[in-house]
Protein chains: 2
Amino acid sequence: MRDVSVIGAGMTDFGDHGDTLVKELIADACLEAITDAGVDRDDIGFAAAGTFVNSLFDVQGKSVGQIGLKELGIDGIPVVNVENGGATAAQAFQEAWRATASGEYDIAIAVGVEKMQHMETGPMMDAMKHAGDLELEGANGITWPGLFAMMAQRRMHEYDVTREQMAQVAINHHENARKNPRAKRPLELSVDDVLEASVIAEPLTFYECCPIADGAAAVVLASESVASDYTDSPVGVLATTQISGTYTADRDLGDAESTRRAAELAYETAGIEPDDVDVAEIHDAFSIEEIVYVEELGFCERGEGGSFVEDGQTRLDGTIPICPSGGLLAKGHPTGASGLAQICEIVWQLRGEAGERQVDDADIGLTQVPGGFVNTDHGSIFVSIFGEA
Amino acid sequence: MRDVSVIGAGMTDFGDHGDTLVKELIADACLEAITDAGVDRDDIGFAAAGTFVNSLFDVQGKSVGQIGLKELGIDGIPVVNVENGGATAAQAFQEAWRATASGEYDIAIAVGVEKMQHMETGPMMDAMKHAGDLELEGANGITWPGLFAMMAQRRMHEYDVTREQMAQVAINHHENARKNPRAKRPLELSVDDVLEASVIAEPLTFYECCPIADGAAAVVLASESVASDYTDSPVGVLATTQISGTYTADRDLGDAESTRRAAELAYETAGIEPDDVDVAEIHDAFSIEEIVYVEELGFCERGEGGSFVEDGQTRLDGTIPICPSGGLLAKGHPTGASGLAQICEIVWQLRGEAGERQVDDADIGLTQVPGGFVNTDHGSIFVSIFGEA
């Protein structure tokens, strides 16, 4: 396997794109990534594209890679379309990485997209059930907010996580999003604002659940043999791992075992320790997730996630800034795009191009995203680590 | 890239599986492939799964790999879910191949599935439009039968392909299917039966259009380093290529340029000539396709596909038997499974295990399948070649 770098990144604003077509969103994100990379269309040998539930939303939902890239005049190459729930875009990234790392192709593009802002909540929630076991979990009424509300309840019971600590996650991410012009919903929030908002699934309130959005994100990857032909600042892919959840009937609903395993494998592959990570983008679809994942990713000890957040360690000026982009909670969550938007943010952070939300001395970045909720262990988990090429 | 072999194959019957769940179809096909390969569940390092439009059919349509494999107790490993129209299963095969050939994993499983028999024609045809450009081709009324009817009209005009030649394709495939206990609809047909049946899209009649079906198919792949630990009869993957169509405004609707390019690349990679191929499974969703593809795959000259079929060259005892399994026309076409069912048939043919439909001296086999109909050049084309490992 060869070393691979990200040499270009691009994404649309996340929000309501009105009548813009799915293929136009793809083309916009890809064009920015291609321009950033300085590659020609003909240089691209392979593409991977992801969308999650578009086909249930009366917009283009299949073959999105071929149809989106054609908008830019890119055709004739192999294009794989992938899906993996909320981790769909991370899956696209990993397929493009594999095609490059394997030695088959020198340059590949990965893109993720979702258009969902036009959908009503009911049909949208029904669509989301496909990421779990429709006949088992879906038929028994599990929803995403419900699942993570159970995680929150369990963590509150077991480790005395407080509602104020959870609210702080949302407050921090909105504070970051106010420095990100691409974010959908940057707000100035107080603890009271968060805790007094409508309850979505006890205890999670409106501001603790991420908003949907339309959007697309893309990156261009290059093998070590050609990366330097295009850029002086390649961002190396030090590790990219995927681990599916394991099934046990006595699963602790507060546990995120598969994130722990995916992270351990990624740290080992990259040859680094959790302390080496300078900035991370994680899956913060619900506030409780940050408190759980900072533990599972090794940034603090088990049971200390709540106080870690409370102490400001995950803020922009903390020891390990989490979601400088604003994350899913404040940037918005177009499901099939978010995993690549995380990678765009890490690329910009490591290149020192993140503007007002720039993390100081950001040399190593990490992304984490789960897809699906098979048997409540969050389906598959992707962890990737980026650093000096 | 390492050499890779198929060491196990399995598929469900294709037909109406009633209340059987998608995950149960996946488990049935995978269990047969795993048992055939003689691998333990824990030996499998990577999985790729494909489904096309299940999510629009009120059955499990996302994360099908994780959810299906869990039925067999296979969890904790990376699972990629893919989609590429009618070539979805070929895409799953290629991802599993890449993960093995790259050196990352020694053993991988690929599975494809579709459950569609319960659907009404209208919603099903609407769902299929997602494989094309929904807002361009779909909005302008292109359907699959319509597209291939135009291909037939063009070929009849340009090369004097006759209706009797096209009917013979259906007759041949049904004759093969009568020797395949897994086929959905094996019939004894005459030319009159085919030509006097209801017209679906002029000139294609009912028997010239493949029936839908429920079903799943799977194969187990192994790198050269471990294949001999499991089997004395590995089937080598000599080449597996994917090429997306190219867009030109003056496209000849009778042309299948991308099949030609994908085949040329596959022959070059495998180091063989078209004449070396002993048996092939192609995408025969519509009768005209065989007449076009035998030309584009190099089995006969341009314009001679009709007489090639008429002369019996594609029958079981011909120079290049096409679709000994009965093909999509007579075996049935569960969209997300067919690409792997083709590979299962080639594996059984090369191992001499195809029973009454065994092709004599079958040493090299080929599969071809298109996915999507972007700009009428049939989206992406997959061609794979199998032979001695």
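Note on numbering: residues in each chain are counted from 1, in written sequence order. Labels are handed out in written order, letters beginning with A for the chains and numbers beginning with 1 for the ligands. Owing to the predicted nature of the model, reporting of local features is limited to residues with pLDDT of at least 70; listing and counting of side-chain atom pairs is limited to 80 or more, with chain, interface and lining totals taken over all residues. Side-chain numbers come from the whole structure's heavy atoms, not from hydrogens or water.

1. So, the nonpolar core
Residue and element names in this part refer to chain A.
Move 1: Among the buried residues, those of types Ala, Val, Leu, Ile, Met, Phe, Trp, Tyr and Cys that are joined through side-chain atoms within 4.5 Å form a nonpolar core. When accessible area is computed with a 1.4 Å probe and restricted to protein chains, residues below 20% of their type maximum are described as buried, those above 50% as exposed, and intermediate ones as partly exposed. In this structure, Ile288 and Phe299 are the most contacted members of the largest nonpolar core, which totals 95 residues.
Move 2: Sorting elements by how many residues they give to this core places helix 1 (residues 22-37) first, with nine residues.
Move 3: Contacts of Phe299, omitting those with residues within four sequence positions, involve Tyr267, Pro274, Val277, Ala280, Val294, Phe308, Ile320 and Ile322. Numbering of helices and strands runs from the N terminus, with a helix taken as a DSSP run of H or I at least four residues long and a strand as a DSSP run of E at least two residues long. Whether two residues are in contact is decided by their heavy atoms, any of which lying within 4.5 Å being enough.

2. Observations regarding the pairing of strand 8 (residues 235-244) of chain B
Residue and element names in this part refer to chain B.
Move 1: Among the ten residues that make up strand 8, nine are buried, leaving the element largely enclosed by the rest of the structure.
Move 2: Two strands pair under a simple rule: DSSP has to find at least two bridges between them. Here strand 1 (residues 4-11) runs beside strand 8; their pairing, made up of two bridges, is antiparallel. By the bridge assignment for strand 8, Ser5 is matched with Gly236.

3. Concerning the interface of chain B and chain A
Move 1: On the chain A side, the residues contacting the 55 residues of chain B number 54 residues.
Move 2: Buried area between chain B and chain A, both sides added, is near 4300 Å², and the carbon and sulfur share of it is 47%.
Move 3: Interface area lost by chain B to chain A is led by Lys62, Arg98 and His130 of chain B, which between them contribute 15%.
Move 4: Just to be clear on terms, a salt bridge is a Lys or Arg side-chain nitrogen sitting within 4 Å of an Asp or Glu carboxyl oxygen. Notably, a salt bridge pairs Asp133 of chain B with Lys70 of chain A, separated by 3.4 Å at the nearest N-O pair. Values labelled buried area give the accessible surface lost by two parts on being combined, using a 1.4 Å probe and summing over both.

4. Details of helix 3 (residues 88-101) of chain A
For the α-helix, the turn length of 3.6 residues means that residues three or four positions removed from each other point alike.
All names here are of chain A.
Move 1: A helix's residues, less one, multiplied by 1.5 Å, set its expected span. If you check helix 3, its first and last C-alpha atoms are 20 Å apart, about what 14 residues at 1.5 Å a residue would give, namely 20 Å.
Move 2: Most of helix 3 sits out of view: 14 of its 14 residues are buried.
Move 3: Gly103 sits one or two residues past helix 3 and shows a positive phi near 100°.

5. Details of the relation of the copies chain B and chain A
Move 1: The copies are overlaid by a least-squares fit using only the C-alpha atoms of residues whose pLDDT is at least 70 in both copies. For the pair chain B and chain A, the best superposition has an RMSD of 0.0 Å and corresponds to a rotation of 180° with a translation of 0.0 Å parallel to the axis. Such a combination of rotation and displacement between the chain copies is what one expects of a two-fold axis.
Move 2: Taken together, the interface assignments show that 98% of the residues at the interface of chain B recur at the interface of chain A, consistent with an identical surface on both copies.

6. Thoughts on the side chain of Asn172 of chain A
Move 1: Structurally, Asn172 of chain A can be placed in helix 7 (residues 163-177).
Move 2: A relative accessible area of 3% means that Asn172 of chain A is categorised as buried.

7. Remarks on a negative patch on the surface
Move 1: Like charges are joined within 9 Å and nonpolar side chains (Val, Leu, Ile, Met, Phe, Trp, Tyr) within 5 Å, but only among residues with over 30% relative accessible area and no salt bridge; these make up the patches. Residue-level accessible areas treat just the shown protein chains as cover; the underlying method is Shrake-Rupley with a 1.4 Å probe. Asp and Glu count as negative and Lys and Arg as positive, but His and the ends of the chain are not part of the count. In plain terms, the charge of a residue is placed at NZ if it is Lys, CZ if Arg, CG if Asp and CD if Glu. On the surface, Glu164, Asp192, Asp193, Glu196, Glu310 and Asp311 of chain A cluster together into a patch of negative charge.
Move 2: For Asp193 of chain A, a relative accessible area of 35% gives the class partly exposed.

8. Quick look at the pairing of strand 4 (residues 107-114) of chain A
Side-chain positions along a regular strand alternate between the two faces of the sheet.
All names here are of chain A.
Move 1: Within strand 4, eight of the eight residues are buried, leaving the element largely enclosed by the surrounding structure.
Move 2: The alternating pattern of strand 4 places Ile107, Ile109, Val111 and Val113 and Ala108, Ala110, Gly112 and Glu114 on opposite faces, both of which are buried.
Move 3: Across six bridges, strand 2 (residues 46-51) lies against strand 4 in parallel orientation. The residue of strand 4 that forms the bridge with Thr51 is Val113.
Move 4: As judged from the eight bridges shared by strand 4 and strand 7 (residues 215-223), these two strands associate in the antiparallel manner. By the bridge assignment, Ala108 is partnered in strand 7 with Leu221.

9. What to know about the environment of Gly245 of chain A
Move 1: As for its placement among the helices and strands, Gly245 of chain A is situated in the loop between strand 8 (235-244) and helix 10 (257-270).
Move 2: Taking the C-alpha atoms as reference, Gly245 of chain A lies 28 Å from Leu221 of chain A; in sequence the two are 24 residues apart.

10. Side note on the packing of aromatic side chains
All names here are of chain A.
Move 1: Two aromatic rings from Phe, Tyr or Trp, using only the six-membered ring of Trp, form a pair when their centres are within 6.5 Å; if the ring planes differ by under 30 degrees the pair is stacked, by over 60 it is edge-to-face, and anything between is tilted. This structure, assessed with the given rule, holds ten aromatic pairs over all chains.
Move 2: Measuring from centroid to centroid gives 5.3 Å for Phe46 and Tyr105, while their planes differ by 35°, and the two rings are tilted. Remark: Tyr105 occurs in the loop between helix 3 and strand 4 and Phe46 occurs in strand 2; sequence separation between them is 59 residues. For the pair shown, Phe46 and Tyr105 are each scored as buried.
Move 3: In textbook terms, an aromatic cluster arises when at least three aromatic residues are bridged by ring pairs, as seen for Trp144, Phe148 and Phe286.

11. With respect to the environment of Gly254 of chain B
Residues and elements named next belong to chain B.
Move 1: In this structure, Gly254 sits in the loop between strand 8 and helix 10 (257-270).
Move 2: The exposure class of Gly254 is buried, given its relative accessible area of 1%.
Move 3: For the pair Gly254 and Phe148, spaced 106 residues apart in sequence, the C-alpha to C-alpha distance is 8.7 Å.
Move 4: Ignoring sequence-local partners within four residues, the contact set of Gly254 consists of Met151, Arg154, Arg155 and Val292.

12. Remarks on the state of the cysteines
Residues and elements named next belong to chain B.
Move 1: Put simply, a disulfide is two cysteine sulfurs that come within 2.5 Å. Applying the stated criterion across every chain yields a total of zero disulfides over all chains.
Move 2: The thiol of Cys300 is unpaired, and the distance to the nearest cysteine sulfur, on Cys323, comes to 15 Å.
Move 3: Look at Cys300 and you get buried, because its relative accessible area is 10%.
Move 4: This cysteine, Cys323, is not joined by any disulfide, and Cys210 carries the nearest cysteine sulfur, 11 Å off.

13. Topic: the pattern of salt bridges
Residue and element names in this part refer to chain A.
Move 1: Summed over the entire model, instances satisfying the criterion amount to 48 salt bridges over all chains.
Move 2: We note a salt bridge from Glu353 to Arg351, for which the minimum N-O separation is 3.0 Å.
Move 3: Look at the salt bridges and you will find they share partners, linking Arg155, Asp255, Arg260, Glu295, Glu296 and Arg302 into a network.

14. Section: the confidence of the model for chain A
Move 1: Residue-level confidence of the predictor, termed pLDDT, takes values from 0 up to 100. Of all residues in chain A, 98% have pLDDT values of 70 or greater, and the mean over the chain is 95.
Move 2: At the level of chain-chain contacts, confidence expressed as ipTM amounts to 0.95, with global pTM at 0.97.

15. Regarding the packing of helix 3 (residues 88-101) of chain B against helix 14 (residues 338-350) of chain B
All names here are of chain B.
Move 1: Two elements in contact, helix 3 and helix 14, have axes separated by 5 Å at closest approach and are oriented at 65°. With respect to each other, helix 3 and helix 14 are oriented roughly perpendicular. Mapping the contact onto sequence places Ala89, Ala90, Ala92 and Phe93 in helix 3 and Ser338, Gly339, Leu340 and Ile343 in helix 14.
Move 2: We call Asp, Glu, Lys and Arg charged. Ala, Val, Leu, Ile, Met, Phe, Trp, Tyr, Cys and Pro are nonpolar, and the rest, Gly among them, are polar. Split by residue class, the contact of helix 3 with helix 14 holds six nonpolar, two polar and no charged. In this analysis, axes come from line fits to C-alpha atoms, helices being fitted only over the stretch in contact, and the angle between any two N-to-C directions falls in the range 0 to 180 degrees. An angle below 35 degrees is read as roughly parallel, one above 145 as roughly antiparallel, one from 65 to 115 as roughly perpendicular, and any other as oblique.

16. Thoughts on the packing of helix 7 of chain A against helix 11 (residues 287-296) of chain A
All names here are of chain A.
Move 1: Running from amino to carboxyl end, helix 7 crosses helix 11 at an angle of 100°, the nearest separation of the two axes being 8 Å. The angle between helix 7 and helix 11 places the two elements in the roughly perpendicular class. For the pair helix 7 and helix 11, contact is made by Gln165, Met166, Val169 and His173 and by Ser287, Ile288, Glu290 and Ile291, respectively.

17. Concerning helix 11 of chain A
All names here are of chain A.
Move 1: The element helix 11 is largely enclosed, with a buried count of ten among its ten residues.
Move 2: Looking only at helix 11, the buried set comprises Ser287, Ile288, Glu289, Glu290, Ile291, Val292, Tyr293, Val294, Glu295 and Glu296.
Move 3: At the C-terminal side of helix 11, Gly298 shows a positive phi close to 85°.

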